[in-house]
Amino acid sequence: MKLTQAQFEKFSILVKERLGIHLNESKREMVQSKVFKLLTKEGLTCPDEYYKILIKDRSTLWSTFVDEITIHKTNFFREDNHFNFIKEKLDFILKNNPEILKNSEIKVWSSACSTGDEAYTIAMVLKEYIPPGINIKILATDVSSLVIQEAQEAEYLLDQGDLINPYFLNKYFKKFDNIYKVSDTIKSLVTFRTFNLMEPFPFKNKFDIIFCRNVMIYFDFPTQEELIKKFYNTLATGGLLFIGHSESLTQKQYKFDYIQPTIYMRKD
Ligand SMILES: C[S@@+](CC[C@H](N)C(=O)[O-])C[C@H]1O[C@@H](n2cnc3c(N)ncnc32)[C@H](O)[C@@H]1O
């Protein structure tokens, strides 16, 4: 079963409009197999029929489509330079953003959190290294409600990509058979929500650190620029933006100061 060129384009445009994700020709096979899998599940036979329902739907059917079309690869301590930066440059972070100490609170946003590994890693690192008395508040969001549900369950089958050292593993996880459960202390620091980065940001308070890692790679250049502008406006002065290793702000810095590869600061 194959999608025609016109059908593939219709699905690509819908995904781009609603999620910002740019599906080029190289994604055709993936889109095709997911579309046919999903429409069969709905008891349908024709991609056009499925598409028609999808464009009118913003609830269950659309949500299942989003869960399927998005890529959720993640790990604990993935791209660990960001976590080392928090540990090693804490004085720099607190000096450039004195509001953290003044308010006795650090607010962090894991903005495409997938199954929560990134958010829980942030929680463990902050719990370990931030001075006592500073309240840790982490918001973790993703457009896929399936991964948000998994993140809230906080139970993991770890693999070789999860670079959790034994100290953290013993302190912040409980093992049941081959499943690792995140401790309640760490869970209590993170709030999970479904949120689409293409929507206007609804936040009243500014964040001190925003993680936006390994999602901008799926967006085209104008979408990335728009998003970076929104991140800038929702960061505190002296706040930091952490992006993925294969991402860069070079042409689209929007007033950010470069600190080191994949780390940028809002200065004004
Ligand atoms: C590859 S994972 C990255 C997870 C984590 N940040 C990391 O680096 O390990 C990309 C995540 O971005 C999410 N995503 C894709 N488009 C999104 C959008 N428009 N708004 C919010 N999340 C989105 C996907 O659902 C997926 O969970």
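Residues numbered from 1 in each chain as written. Predicted model: local features only at pLDDT ≥ 70, side-chain atom pairs only at ≥ 80, totals over all residues.

Caption draft 1: Fine view of the overall build of the protein chain. Across its full length, the protein chain holds twelve helices and ten strands. The globule rule puts the C-alpha radius of gyration for 268 residues at 18 Å, and the 20 Å found for the protein chain is close to it. A sequence separation of at least 24 residues applies to 73% of the contacts in the protein chain between residues at least 6 apart. (Helix = DSSP H or I, 4+ residues; strand = E, 2+ residues; numbered from the N terminus. Rg over C-alpha atoms; globule rule 2.2 N^0.38 Å. Contact = placed C-beta atoms within 7 Å.)

Caption draft 2: Region of the structure containing the sheet that holds strand β9 (residues 256-260). One open sheet holds the seven strands; their spatial order is β6-β2-β1-β7-β8-β10-β9, and the pairing between them is mixed. For this open sheet the edge positions go to β6 (190-194) and β9, each flanked by a neighbour on one side alone. Strand-to-strand twist in this sheet, taken as the mean axis angle between neighbours without regard to direction, amounts to 20°. Summarising the sheet, strand β8 (residues 235-243) and strand β10 (residues 263-266) pair through three bridges and their orientation is antiparallel. The partner of F242 across the bridge, within β10, is I263. Its contacts with the sheet place helix α12 (residues 221-233) against β7 (207-212), β8, β9 and β10, and it is angled at close to 140° to β8. (Pairing = 2+ DSSP bridges. Axes fitted to C-alpha atoms, helices over the stretch in contact; angles between N-to-C directions.)

Caption draft 3: Molecular detail of the domain arrangement of the protein chain. Considered domain by domain, the protein chain is made up of domain 1 (5-69) and domain 2 (81-266). Across the contact, eight residues belong to domain 1 and eleven residues belong to domain 2. At three residues, helix α4 (residues 60-69) tops the list of elements feeding residues into the side of domain 1 that touches domain 2. In terms of residue class, the side of domain 1 that touches domain 2 is made up of three nonpolar, three polar and two charged. (Domains from an automatic or database assignment. Nonpolar A, V, L, I, M, F, W, Y, C, P; charged D, E, K, R; others polar.)

Caption draft 4: Geometry of helix α1 (residues 5-19). The first and last C-alpha atoms of α1 sit 21 Å apart over 15 residues, in line with the 21 Å expected at 1.5 Å per residue. Where α1 is buried, its residues touch α2 (28-41), α3 (47-56) and α4. Positioned one or two residues after α1, G20 has a phi angle of 80°, which is positive. (Expected span 1.5 Å × (residues − 1).)

Caption draft 5: Expanded view of the environment of T40. Positionally, T40 belongs in helix α2. Once the C-alpha coordinates of T40 and L235 are considered, the two residues, 195 residues apart in sequence, prove to be 44 Å apart.

Caption draft 6: Up close: the site of the ligand. Around the ligand, the structure places 23 residues, and the nearest of them are T70, T74, A112, S114 and V143. Broken down by class, the residue content of the shell around the ligand amounts to nine nonpolar, nine polar and five charged. Lining the shell around the ligand are residues from two domains, each supplying at least three of them: domain 1 (5-69) and domain 2 (81-266). (Near = placed C-beta within 6 Å.)

Caption draft 7: Spotlight on the packing of α1 against α3. Following both chains from N to C, one finds α1 and α3 inclined at 20°, their axes separated by 11 Å at the closest point. On the basis of the axis angle, α1 is roughly parallel to α3. Here α1 runs over α3; the crossing is left-handed. Across from Q7, K10, F11 and L14 in α1, the residues of α3 making contact are P47, D48, Y51, L54 and I55. In the contact of α1 with α3, the residues fall into six nonpolar, one polar and two charged. (Parallel < 35°, antiparallel > 145°, perpendicular 65-115°, else oblique. Left-handed = near helix turned anticlockwise from the far one by under 90°.)

Caption draft 8: A look at unusual backbone geometry. Here the phi dihedral of F77 falls at roughly 55°; this positive angle occurs in a residue that is not glycine. As for its position among the elements, F77 is in the loop between α4 and α5 (81-88).

Caption draft 9: Representation of the pairing of strand β5 (residues 179-182). Note that strand β3 (residues 155-156) and β5 share two bridges and pair antiparallel. Bridge pairing in β5 links E155 to K181. With four bridges connecting them, strand β4 (residues 173-176) and β5 associate as antiparallel partners. Paired with F173 across the bridge in β5 is V182. Counting the residues in the hairpin turn of β4 and β5 gives two residues, including D177, whose phi is positive at 50°.

Caption draft 10: Fine view of helix α9 (residues 145-153). Turning to α9, its buried residues number three or more, namely V147, I148 and A151. The buried residues of α9 occupy one face: seen down the axis, they fall within an arc of 105°. Where α9 is buried, its residues touch α8 (117-129), β2 (135-142) and β6. Remark: A154 follows α9 within two positions and exhibits a positive phi of approximately 60°. (Buried ≥ 20, exposed ≤ 12 C-beta atoms within 10 Å, placed from the backbone. Arc of directions from axis to C-beta.)

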